[in-house]
Amino acid sequence: LENHEEKRDYVFKAAVIGDSAVGKTHLLSWFTKNKFCFDSKSTIGVEFQTRTVTIEGKVVTAQIWDTAGQDRYRAVTSAYYRGAMGAMLLYDITKRPTFDHVARWLEELRAHADNSIVITLIGNKADLVDQRVVPTEDAVEFAENQGLFFSETSALSGDNVDRAFFRLLEEIY
Ligand code: GDP
């Protein structure tokens, strides 16, 4: 995959957001296999990870930004969202408040990001079936009303993770 970078067609920037401990870091690590990068042009040192994939015959590098801690994140909001074409907005299916806060995250996205940004709502920790408190139907209805894609994932087992990212990247493309 790394060899593809020489003939890369596109770089798509995306952001992973949501409450603390919903699984953002794990989801991103699963998708990128921990290939850490640093934004060399930035003085604030926001971290992102990349993975190069093929979408409809084009070589696309997904450059995915991680919040790397809420405090630090507050100071870099605008840089974080600048140029983002996609966003993964996570909640934890076992923690109702993390789902209730999704509306607030959407407001922030719509205030700082481009209007055309593609957003996927992600109900993470889907492996914790016995602890589920957010019904899938609630999230599906919310996503439909807000014009978001929706997936349930497990960043622990990797279930649906690639599929959710690929769908986001295909939609950006
Ligand atoms: P972040 O603060 O949103 O980046 O969350 P982390 O990725 O650090 O995850 C927070 C905690 O949830 C960690 O203890 C993870 O092991 C756990 N976790 C993350 N994703 C999943 C998942 O899909 N299933 C389960 N069971 N645990 C998860």
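Here we summarise the structure given alongside this text. Keep in mind that this is a model prediction, so the values were computed, not measured. (Residues numbered from 1 in each chain as written. Predicted model: local features only at pLDDT ≥ 70, side-chain atom pairs only at ≥ 80, totals over all residues.)

1. Re the overall build of the chain
- Helix and strand counts for the chain stand at 7 helices and 7 strands.
- For the chain, the residues scored as buried account for 36% of the 173 residues in total.
- Partitioning the contacts of the chain with sequence separation of at least 6, the portion at a separation of at least 24 is 71%. (Helix = DSSP H or I, 4+ residues; strand = E, 2+ residues; numbered from the N terminus. Buried ≥ 20, exposed ≤ 12 C-beta atoms within 10 Å, placed from the backbone. Contact = placed C-beta atoms within 7 Å.)

2. Points about the pairing of strand β1 (residues 10–18)
- For β1, a buried count of 7 out of 9 residues is recorded, marking the element as mostly surrounded by other parts of the structure.
- In this sheet, strand β4 (residues 58–65) lies alongside β1 in parallel orientation, the contact comprising 6 bridges. Pairing of Phe 12 across the sheet is with Ala 62, part of β4.
- Bridge count between β1 and strand β5 (residues 86–92): 5 bridges; the pairing is parallel. Paired with Gly 18 across the two strands is Leu 90, which belongs to β5. (Pairing = 2+ DSSP bridges.)

3. Some details on the site of the ligand
- Inspection of the region around the ligand gives 14 residues, with Gly 23, Lys 24, Thr 25, His 26 and Leu 156 positioned closest.
- Top contributing element to the shell around the ligand by residue count: helix α1 (residues 24–32), with 3 residues.
- Split into classes, the residues belonging to the shell around the ligand amount to 5 nonpolar, 6 polar and 3 charged. (Near = placed C-beta within 6 Å. Nonpolar A, V, L, I, M, F, W, Y, C, P; charged D, E, K, R; others polar.)

4. Thoughts on the nonpolar core
- With 42 residues, the main nonpolar core has Ala 14, Ala 15, Val 16, Leu 27, Ala 87, Met 88 and Leu 89 as its most contacted residues.
- Listed by contribution, the elements that provide at least two residues to this core are β1, α1, β4, α3 (77–81), β5, β6 (118–124) and α7 (161–172). (Core = buried A, V, L, I, M, F, W, Y, C linked by C-beta atoms within 7 Å.)

Interpretation note: all reported values are geometric properties and have no functional meaning in isolation.
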